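Summary of the model geometry
Here is how the chains run, residue by residue.
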Amino acid sequence: MSRTRGVLVVAVLAATVLVACNSARKPTTSTIGNAELGKKAIEKYGCGSCHTIPGVKEADALVGPPLTHFAERSFIAGQLANTEENLARWIRDPQAVEPGTAMPNLGVSPEDAQNIAAYITTIK
Ligand code: HEC
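**Details of the packing of helix α3 (residues 84–92) against helix α5 (residues 110–120)**
Where α3 contacts α5, the axes come no closer than 8 Å and their chain directions differ by 125°. By the angle between their axes, α3 is oblique relative to α5. Between α3 and α5 the crossing geometry is right-handed. Where α3 approaches α5, its residues E84, L87, A88, I91 and R92 are matched on the opposing element by P110, A113, Q114, I116, A117, A118 and I120. Of the residues belonging to the contact of α3 with α5, the class tally is 9 nonpolar, 1 polar and 2 charged.

Below is the structure:
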């Protein structure tokens, strides 16, 4: 192997390792919101007064179902397929999805709902 080729191989390997490390550190990619802002919004709206939500301070209530392992769930409130868009829809207006549900409409803004959905879908 020529010296130039050897250097090239090393360079390609180094680049591969860099790319691999970088993607490992990236938070779960959300297509609709920012999970970090979503976590703050969850605290602002007080979702933790009814739900246990991993990673959110003082969110340990059991009035509503715990939002543990949400990334692995198939359905939202047994009604909607578990996608980020549907989560945002549910969070903004649960009554419209399931009339009579005990989850209240908290007047969550569209942007906050998208960020909250982004956070909840990172809960493994
Ligand atoms: C007054 C209590 C209450 C508050 C406050 C509340 N929820 Fe709920 N939530 C519920 C109840 C009860 C259910 C179950 C609804 C059902 O299945 O009909 C529910 C269901 C859910 C679900 C679906 C859970 C599942 O297992 O499928 C999600 C997601 C959710 N809530 C997110 C939120 C978020 C985010 C907030 C804050 C913006 C919030 N909730 C605030 C009571 C509450």
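**Some remarks on the site of the ligand**
Near the ligand, the surroundings consist of 24 residues, among which C47, C50, H51, A77 and M103 are the closest. The separation between an oxygen atom of the ligand and a polar side-chain atom of T101 is 2.9 Å. With 3 residues, α3 is the single largest residue contributor to the shell around the ligand. Here the residues of the shell around the ligand sort into 19 nonpolar, 3 polar and 2 charged.

**Looking at the environment of G33**
Looking at where G33 falls in the secondary structure, it is placed in the loop between α1 (3–25) and α2 (35–45). In this structure, the C-alpha to C-alpha distance between G33 and D112, residues 79 residues apart in sequence, is 8.4 Å. When near neighbours in sequence (up to four residues on either side) are disregarded, G33 contacts Q114, N115 and A118.

**Re the coordination of the iron atom of the ligand**
Perfect tetrahedral coordination of a metal by four donors corresponds to 109.5 degrees between them, and perfect octahedral coordination by six donors corresponds to 90 or 180 degrees. Looking at the iron atom of the ligand, the protein donor atoms are H51 (NE2) and M103 (SD), and they sit 2.0 to 2.1 Å from it. Seen from the iron atom of the ligand, its 6 donor atoms lie at angles of 86 to 178°, and the figure they make is octahedral. Linking H51 in the loop between α2 and β1 (75–76) with M103 in the loop between α4 (94–97) and α5, this pair joins segments that are 52 residues apart in sequence. For the pair shown, H51 and M103 are each scored as buried.

**So, the environment of T101**
Within the element layout of this structure, T101 appears in the loop between α4 and α5. When its relative accessible area of 14% is taken as the criterion, T101 is described as buried. Remark: the alpha-carbon pair of T101 and A77, spanning 24 residues in sequence, is separated by 9.1 Å. Ignoring sequence-local partners within four residues, the contact set of T101 consists of W90, P94 and Q95. Among the polar contacts listed, one links the side chain of T101 to the backbone nitrogen of M103, at a separation of 3.3 Å.

Conventions used here
Per-chain numbering applies: the sequence of each chain, read as written, is numbered from 1 onward. Two thresholds apply to this predicted model, a pLDDT of at least 70 for residue-level local features and 80 or more for giving and counting side-chain atom pairs, whereas whole-chain, interface and lining totals are computed over all residues. The basis for the side-chain values is all heavy atoms of the structure; hydrogens and waters are excluded. To get an axis, a line is fitted to the C-alpha atoms, and for a helix only the part in contact is used. The angle between two axes follows their N-to-C directions and goes from 0 to 180 degrees. Strands here are runs of E lasting at least two residues and helices are runs of H or I lasting at least four, both read from the DSSP assignment and numbered beginning at the N terminus. By the definition adopted for this analysis, an angle is roughly parallel if under 35 degrees, roughly antiparallel if over 145, roughly perpendicular if from 65 to 115, and oblique otherwise. Here is the rule for handedness: rotate from the far helix to the near one, and if that takes an anticlockwise turn smaller than a right angle the crossing is left-handed, while a clockwise turn gives right-handed. Contact definition: two residues touch when any of their heavy atoms are within 4.5 Å. Gly is placed with the polar residues, together with every amino acid not listed as nonpolar (Ala, Val, Leu, Ile, Met, Phe, Trp, Tyr, Cys and Pro) or charged (Asp, Glu, Lys and Arg). One heavy atom suffices: a residue is near a molecule or strand as soon as one of its heavy atoms comes within 4 Å of it. A 3.5 Å cut-off defines polar contacts: any pair of N or O atoms within that distance qualifies, except that in protein one atom must be a possible hydrogen donor and the other a possible acceptor, and neighbouring residues in sequence count only when both atoms are side-chain atoms. With water excluded from the atoms, a metal site may look incomplete; its donors are any N, O or S atoms within 2.8 Å, or within 3.2 Å for Na, K and Ca. Geometry is assigned from the angles between donors: four donors with all angles from 85 to 135 degrees make a tetrahedral site, four or six donors whose opposite pairs exceed 155 degrees while the rest stay between 65 and 115 make square planar or octahedral sites respectively, and everything else is labelled irregular. The buried label applies to any residue whose accessible area, calculated with a 1.4 Å probe on protein chains only, is under 20% of its type's maximum; exposed applies above 50%, and partly exposed to all values in between.

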